[in-house]
Amino acid sequence: MTGAGQRLFIQEVGTRDGFQIEARFIPTADKIALIDTLSLCGLAKIEVTSFTSPKAIPALADADEVMRSLRRQPGVVYTALVPNLRGAERAIAAGTDELNLVMSASETHNLLNLRMTREQSLARLLEVVDLAQGAGVALNVSLSTSFGCPMEGVVPEDVVLGLAGRFLAAGVGGITLCDTTGMAHPGQVASLCRAFRTRFPGAGATLHLHNTRGMGLANALAGLGAGIDRFDASLGGLGGCPYAPGATGNICTEDLVHMLQAMGLALDVDLAGLLMAARTLPGMVGHEVPGQVLRAGRSLDLHPVPASLEEIRARALAQTQA
Ligand code: COA
Ligand code: ZN
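To keep things clear, this report deals only with the structure shown in the data block. Residue positions are given per chain, counted from 1 along the sequence in the order it is written. Following the order in which they are written, the chains are lettered starting with A and the ligands numbered starting with 1. pLDDT decides what is reported in this predicted model: residues at 70 or higher carry local features, side-chain atom pairs at 80 or more are listed and counted, and totals for whole chains, interfaces and linings draw on all residues regardless. The side-chain quantities take in all heavy atoms of the structure and omit both hydrogens and water.

### Brief notes about the overall build of the protein
Part 1 of the argument: Looking only at helices and strands, the protein has 14 helices and eight strands in total.
Part 2 of the argument: When we talk radius of gyration, it's over C-alpha atoms, and the globule rule is simply 2.2 Å times the number of residues to the 0.38. A globule of 322 residues ought to have a C-alpha radius of gyration of about 20 Å, and the protein, at 21 Å, matches this closely.
Part 3 of the argument: Seen through its C-alpha atoms, the protein measures out along the principal axes to roughly 85 × 45 × 35 Å.
Part 4 of the argument: By the convention used here, residues are in contact when the closest approach between their heavy atoms is within 4.5 Å. Here the analysis covers contacts within the protein between residues at least 6 apart in sequence; of these, 74% occur between residues at least 24 apart. Note on conventions: DSSP H or I runs of at least 4 residues are helices, E runs of at least 2 residues are strands, and numbering of each starts at the N terminus.

Laid out in structure tokens, this is it:
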């Protein structure tokens, strides 16, 4: 278990995982304004966008401008998803702090999402590793479908750990274990995270969870118990992969932060600021968002006592006296 005083790192992915699946194109200026607000909320990392083919992900066709125009805050790492060399060159030219390379643990999802076999992705991404290392840019690798593929089912732990090992051996700083379509359950999360920690004790590890089947926060706690201290989450609970059938939103950033802070864990994240930002989302995306604290309020946002309380108390006391 991560120690009680040890800082946990919350990484916002809403402007990438969230916006990539929205039908409405979010204007570039709105994306930048949202990122600038999130930059002031104490998040460790913000996944700003993805440098993918604009034909594949039209919602993020403005990646270069967004990355160049945001107001950087010290202490925040600005990362972006990168599928190939072309994306890496664009990301580096735009001043991205970290490249988050992406491939899938399952062959079928990799082919659908990236139009390459896993071996082709691996080979191309290892070229990207060389490029980034030459440019002095940090690297992380996100392994999609690490906890299950919607077409293939459960992905064996050894496949995930094998891919992670290839990237870590090449000098990548961190690996993100992604539950792309919310197939994981807490026992499985604990098992893979523990196996990862045992095999790669020095490597950075992030959990990227989707709440597709309502297990998202339970899975985050299972990861925490297995020594994970970095979590991706999406403001308002937006999110989903357009190339994965049945994909829905990530675990919701403000719900995750609310839970961890209620448990007394150290986060340094401004929940009120996140909630204010989340409140702007429905207007931006044109529909309600799944976040629950946004609707219900924080657990200690107390409701006013109804005026009828004194009358109810007097009647209750009269009954005991009678
Ligand atoms: N940025 C901009 N344009 C790119 C690009 C990139 N990173 N990679 C490829 N392209 C362009 C090429 O220039 C080419 O353009 P053209 O048709 O005008 O000549 C076109 O895209 C096709 O290039 P190709 O190398 O054949 O790629 P592809 O069509 O096989 O697509 C990917 C491969 C990986 C680039 C594409 O599938 C992709 O971007 N997928 C994103 C998946 C994703 O983000 N999923 C959700 C997150 S998990
Ligand atoms: Zn995702």
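### Notes on the pattern of salt bridges
Part 1 of the argument: A pair is scored as a salt bridge if a Lys or Arg side-chain nitrogen falls within 4 Å of a carboxyl oxygen belonging to Asp or Glu. For the structure on display, the rule yields 14 salt bridges.
Part 2 of the argument: A salt bridge links Arg-16 to Glu-47, with the shortest nitrogen-to-oxygen separation between them at 2.6 Å. Taken together, the positions of Arg-16 in helix H1 (residues 14-18) and Glu-47 in strand E2 (residues 45-50) put the pair 31 residues apart, joining distant regions of the chain. Taken as a pair, Arg-16 and Glu-47 share a single burial class, namely buried.
Part 3 of the argument: Here Asp-64 ties to Arg-90 by a salt bridge, and the two come within 2.7 Å at their closest N and O atoms. Linking Asp-64 in helix H3 (residues 63-69) with Arg-90 in helix H4 (residues 85-93), this pair joins segments that are 26 residues apart in sequence.
Part 4 of the argument: Judged by relative accessible area, Asp-64 falls into the partly exposed class, the value being 22%.
Part 5 of the argument: When its relative accessible area of 16% is taken as the criterion, Arg-90 is described as buried.
Part 6 of the argument: One salt-bridge network, in which partners are shared between bridges, spans Arg-16, Asp-17 and Glu-47. Exposure classes here rest on a 1.4 Å probe applied to the protein chains alone. A residue is buried below 20% of its type maximum, exposed above 50%, and partly exposed in between.

### Re the coordination of the zinc ion (ligand 2)
Reference geometry at the metal: tetrahedral coordination by four donors gives ideal angles of 109.5 degrees; octahedral coordination by six donors gives 90 or 180 degrees.
Part 1 of the argument: Ligating atoms shown are N, O and S within 2.8 Å of the metal, or 3.2 Å for Na, K and Ca, and water is not included, meaning a site may look less than complete. Looking at the zinc ion (ligand 2), one finds its protein donor set to be Asp-17 (OD), His-208 (NE2) and His-210 (NE2), positioned 2.0 to 2.2 Å from the metal centre.
Part 2 of the argument: Linear spacing of the donor residues for the zinc ion (ligand 2) on their chain is D-x190-H-x1-H.
Part 3 of the argument: A residue is classified by how much of its surface remains accessible, and His-208, at 5% relative accessible area, is buried.
Part 4 of the argument: Using a relative accessible area of 2% as the deciding quantity, one classes His-210 as buried.

### Side note on helix H8 (residues 186-199)
Part 1 of the argument: Helix length check: H8 (14 residues) gives 20 Å between terminal C-alpha atoms against 20 Å at 1.5 Å per residue, within 8%.
Part 2 of the argument: Considered for burial, the residues of H8 that qualify are Gln-188, Val-189, Ala-190, Leu-192, Cys-193 and Phe-196. Helix span is expected to be 1.5 Å times the residue number reduced by one.

### Brief notes about the pairing of E2
Part 1 of the argument: In terms of burial, E2 is largely enclosed, as six of its six residues are buried.
Part 2 of the argument: A pair of strands is considered paired only if DSSP assigns at least 2 bridges between the two. With two bridges joining them, strand E1 (residues 9-12) and E2 adopt parallel strand pairing. In the sheet register, Gln-11 faces E2, and the bridge partner there is Lys-45.
Part 3 of the argument: For the segment spanning E2, H3 and strand E3 (residues 77-82), crossover handedness is right-handed. Orient the strands so they point away from the viewer; a crossover is then right-handed if the path from the first strand over the helix to the second runs clockwise.

### Some remarks on the site of ligand 1
Part 1 of the argument: We call a residue near a molecule or strand whenever a single non-hydrogen atom of that residue lies within 4 Å of it. By nearness alone, 18 residues border ligand 1, and Ser-53, Lys-55, Asn-84, Arg-90 and Asn-113 come closest of all.
Part 2 of the argument: Separating a nitrogen atom of ligand 1 from a backbone N or O atom of Phe-51 is a distance of 3.0 Å.
Part 3 of the argument: Residues adjacent in sequence count toward polar contacts only when both atoms are side-chain atoms; beyond that, a polar contact is any pair of N or O atoms within 3.5 Å, and within protein one must be able to donate a hydrogen and the other to accept it. Between Asn-84 and ligand 1, the recorded distance is 2.9 Å, taken from a side-chain N or O atom to a nitrogen atom.
Part 4 of the argument: In isolation ligand 1 has 930 Å² of accessible area, and contact with the protein removes 69% of it.
Part 5 of the argument: Contributions of two or more residues to the shell around ligand 1 are made by H4 and helix H5 (107-114).
Part 6 of the argument: Ranked by residue count, the leading element in the shell around ligand 1 is H4, at three residues.
Part 7 of the argument: Residue composition of the shell around ligand 1, by class: seven nonpolar, six polar and five charged. Per-residue accessibility takes into account occlusion by the displayed protein chains alone, with areas from the Shrake-Rupley method and a 1.4 Å probe. Polar here means any residue outside two lists: the nonpolar Ala, Val, Leu, Ile, Met, Phe, Trp, Tyr, Cys and Pro, and the charged Asp, Glu, Lys and Arg; Gly therefore counts as polar.

### Quick word on the side chain of Asn-140
Part 1 of the argument: Looking at the element boundaries, Asn-140 is found in strand E5 (residues 138-144).
Part 2 of the argument: A relative accessible area of 5% places Asn-140 in the buried class.
Part 3 of the argument: A distance of 3.5 Å separates a polar side-chain atom of Asn-140 from the backbone nitrogen of Ile-175.

### A short note on the packing of aromatic side chains
Part 1 of the argument: Working definition: rings of Phe, Tyr and Trp (its six-membered ring) pair if their centres are within 6.5 Å, and the pair is stacked with planes under 30 degrees apart, edge-to-face with planes over 60 apart, and tilted otherwise. By the definition in use, this model includes one aromatic pair.
Part 2 of the argument: The side chain of Lys-31 reaches across the aromatic face of Phe-25, ending 4.1 Å from its centre.
Part 3 of the argument: Note that Arg-230 overlies the ring of Phe-9, its terminal NZ or CZ placed 4.1 Å from the centroid. Criterion for a charge above a ring: Arg CZ or Lys NZ at most 6 Å from the ring centre, at most 35 degrees from the ring normal.

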